[in-house]
Amino acid sequence: MSYTVVWFKRDLRLADHAPLAHAARQGPVLCLYVLEPSLWAQPDYALQHYLFLQESLRDLARALRHRGAELQLAIGEAPEVLARLHAAAPFHTLVSHEETGNGHTFERDKAVARWCVASGVVWREWPQHGVVRRLATRNVWHARWQAHMEAPLLPEPTHIEGRLLPWPTGRWPAGGAFGLADDAPPLRQHGGRNEGLLVLQAFLDERSRQYRGGISSPLGAPTACSRLSPYLALGCLSMREVVQATRARIGALQGPEDGRQCQGLAAFLSRLHWHCHFIQKLESEPELEFRNLHRGYDGLREAEWNEAHFAALRAGRTGWPMVDACVAMLRETGWLNFRMRAMLVSVAAYPLWLHWRPVGLWLARQFIDYEPGIHWSQMQMQAGTTGINTTRVYNPVKQACDHDPQGRFVRHWLPAMRRVPDAWLFEPWRMPADVQARCGVRVGENIPAPVVDLESATRAAKARVHALRARAEVREAKAAIVEKHGSRLRRAAPRKPAARNPARQQELDF
Ligand SMILES: Cc1cc2nc3c(=O)[nH]c(=O)nc-3n(C[C@H](O)[C@H](O)[C@H](O)COP(=O)(O)OP(=O)(O)OC[C@H]3O[C@@H](n4cnc5c(N)ncnc54)[C@H](O)[C@@H]3O)c2cc1C
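Residues numbered from 1 in each chain as written. Predicted model: local features only at pLDDT ≥ 70, side-chain atom pairs only at ≥ 80, totals over all residues. Heavy atoms only, no water.

The chain is annotated in an unreviewed UniProt entry as Deoxyribodipyrimidine photo-lyase of Niveibacterium microcysteis.

Laid out in structure tokens, this is it:
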């Protein structure tokens, strides 16, 4: 009797899993995960992603066993694994979720599609979240997102008639077998649906009280933010179940003291919407992973690559305490809040004048929640190469004053800063020699001197981007990008006007 192959990709759960629900209704199912050596050799993946995946697959295997099936792990390139399986035990249907991944998984999916056509196998795919494949126009996107999120959740199949691979499944190889460096952050989040559900519950019940007003400072953000991003990136939780659970929680919060939490949850819901909005950009234009969304910005930074600047950033030795502390936190935890991620990219793209692509590859490896659609769109947005977004330049000194006024964050992650007197916390490089001698912190020895002069380098960078942006041909090309990628949602409230003092302002709108 034939069977259906369920190809698990970044959808590691049984609940709200349309391909699995469909396959289980049809008859026997082979639940397959393909561990692809070529994917782990890509420069945007790191050991922490591999370990998180391993933990998530362990959870998935347990859940499947509970329903009567065994997760089948195959090591090899997906088209070859499928061909080998088909040759040994023919099947007619392959089912999976649509994946909007990096360029590598896109090419792999095209190869799988070709193999399916050549072999007479039907490959049926379902949307994974609010991203729409072959979207004709952005005008209908929001309505499609709403419809997907409002549809009922699919229950876990009660029983799965599981099939086994017709060859012995090997042991799970260590990351080193794929050339992954042994550099996982020791305090990273751990994978698996069970863990994801606990994080969701704790956020909805309690932590979301701090969401409003708590997510910008790197001090409060680790608990105020939901911390759901890695579970969404690997599909341990479905976006729809998170949206529906949040809406239910908002509905249940009726008390007079619940207003703040409701507002926080409403803001969180809008970020869930952004999740799909940004991934849709990569779905509609996969090239944005590699080249400027607005081609008018081509050549802006590429030829002026400065390896010393990049090395200082990666080592957390730029000399700007807030930046270096963020790099230290990232190295230990694999996570940073949005504001600090944006600041890192802004510093890289403006005063350090680094092209976004190599910086983005490095950050992708650092982020436990690496999601190509969000990541590359955000990299370009913060580097100012989309041509359609307000350009923001985050001043790391201003960020420190606003979000870490007592220096608790900076001193936690940069021990040498603990000896620096409060008066010099934000700009320690300005400490006079006698103060340096008294506190025992020498700039250039115990703490790095800034790699460039922040004010003049930022001013020069902004002037170059501004000049390019003002050119007629660059302005004209903008309309087509807005048409293809622009959000059709109006802003609820007007933005704050930009501050007057350019050296101090936190965001500068061009
Ligand atoms: C340069 C840069 C790179 C980024 N790369 C990633 C990435 O690889 N993966 C990733 O999930 N997020 C990325 N983000 C967006 C954001 O920083 C993270 O989603 C957020 O910090 C994750 O923590 P959280 O789940 O606690 O967020 P919450 O604030 O609790 O948000 C809930 C969810 O909403 C989505 N979300 C939140 N903010 C954004 C945003 N600005 N754009 C799109 N979706 C958003 C995420 O799915 C997130 O899990 C990036 C941001 C920047 C500036």
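*Asks:* Mind showing me how you'd approach the overall build of the chain here?
*Replies:* The helix and strand inventory of the chain stands at 23 helices and 5 strands. On C-alpha atoms alone, the chain measures out to a radius of gyration of 24 Å, which is about the 24 Å that the 2.2 N^0.38 rule sets for 510 residues. Its C-alpha atoms give the chain principal-axis dimensions of roughly 85 × 55 × 50 Å. The 510 residues of the chain split such that 56% are buried. Sequence-distant contacts in the chain: of pairs separated by 6 or more residues, those separated by 24 or more amount to 78%. (Helix = DSSP H or I, 4+ residues; strand = E, 2+ residues; numbered from the N terminus. Rg over C-alpha atoms; globule rule 2.2 N^0.38 Å. Buried < 20%, exposed > 50% of the residue type's maximum accessible area, 1.4 Å probe, protein only. Contact = heavy atoms within 4.5 Å.)

*Asks:* What exactly am I supposed to notice about the packing of aromatic side chains here?
*Replies:* For the coordinates displayed, the defined rule picks out 15 aromatic pairs. Of note, R138 hangs over the ring of W141, and the distance from its end group to the ring centre comes to 5.0 Å. Directly above the aromatic system of Y350 lies the positively charged group of R301, at a separation of 5.2 Å from the ring centroid. (Phe/Tyr/Trp six-rings, centres within 6.5 Å; stacked < 30°, edge-to-face > 60°. Lys NZ or Arg CZ within 6 Å of the ring centre and 35° of its normal.)

*Asks:* Can you walk me through the site of the ligand in this structure?
*Replies:* Close contacts around the ligand come from 28 residues, with Y211, S226, R227, D369 and E371 the closest. Between the ligand and R271 there is a distance of 3.3 Å, counted from an oxygen atom to a backbone nitrogen or oxygen. For the ligand, the protein covers 98% of the area, taking 810 Å² as the surface of the free molecule. Secondary-structure elements contributing two or more residues to the shell around the ligand are α10 (229-233), α12 (259-284), α15 (338-349) and α17 (372-383). Split by residue class, the shell around the ligand holds 17 nonpolar, 6 polar and 5 charged. Looking at the shell around the ligand, you find at least three residues from each of domain 2 (193-283) and domain 3 (288-485). (Near = heavy atom within 4 Å. Polar contact = N/O pair within 3.5 Å; in protein donor to acceptor, adjacent residues only side chain to side chain. Areas by Shrake-Rupley, 256 points an atom, 1.4 Å probe, with all protein chains shown as cover. Nonpolar A, V, L, I, M, F, W, Y, C, P; charged D, E, K, R; others polar. Domains from an automatic or database assignment.)

*Asks:* Please clarify how the layout of surface pockets should be interpreted in this entry.
*Replies:* Here the second largest pocket defines a volume of roughly 390 Å³. What lines the second largest pocket is a set of 20 residues, and nearest its centre among them are E99, F106, D109, R133 and E283. When residues of the lining of the second largest pocket are traced back to their parent elements, those giving at least two are α5 (103-119), β5 (122-126) and α12. Looking at which element gives the most residues to the lining of the second largest pocket, the answer is α5, with 6 residues. Counted by class, the lining of the second largest pocket contains 6 nonpolar, 5 polar and 9 charged residues. (1 Å grid on protein atoms, 1.4 Å probe; cavity = no way out; pocket = protein on both sides within 12 Å on 5 of 7 lines; lining within 4 Å. Points joined across faces, edges and corners; volume = space filled by probe spheres on them.)

*Asks:* What is the right way to look at the domain arrangement of the chain in this model?
*Replies:* Accessible area lost during the coming together of the parts is what is often quoted as the interface size. Each domain of the chain was delimited in the assignment, giving domain 1 (4-126), domain 2 (193-283) and domain 3 (288-485). A straight line from the C-alpha centre of domain 1 to that of domain 3 covers 37 Å. Between domain 1 and domain 3, the residue contacts involve 12 residues of the former and 12 residues of the latter. Across the domain 1 to domain 3 interface the summed buried area is about 1,000 Å²; carbon plus sulfur atoms make up 53%. Area buried by domain 1 at its contact with domain 3 is led by P43, D44 and Q48, which between them contribute 44% of it. The tally of links between domain 1 and domain 3 comes to 1 salt bridge. (Buried area = accessible area lost by both parts, 1.4 Å probe. Salt bridge = Lys/Arg side-chain N within 4 Å of Asp/Glu carboxyl O.)

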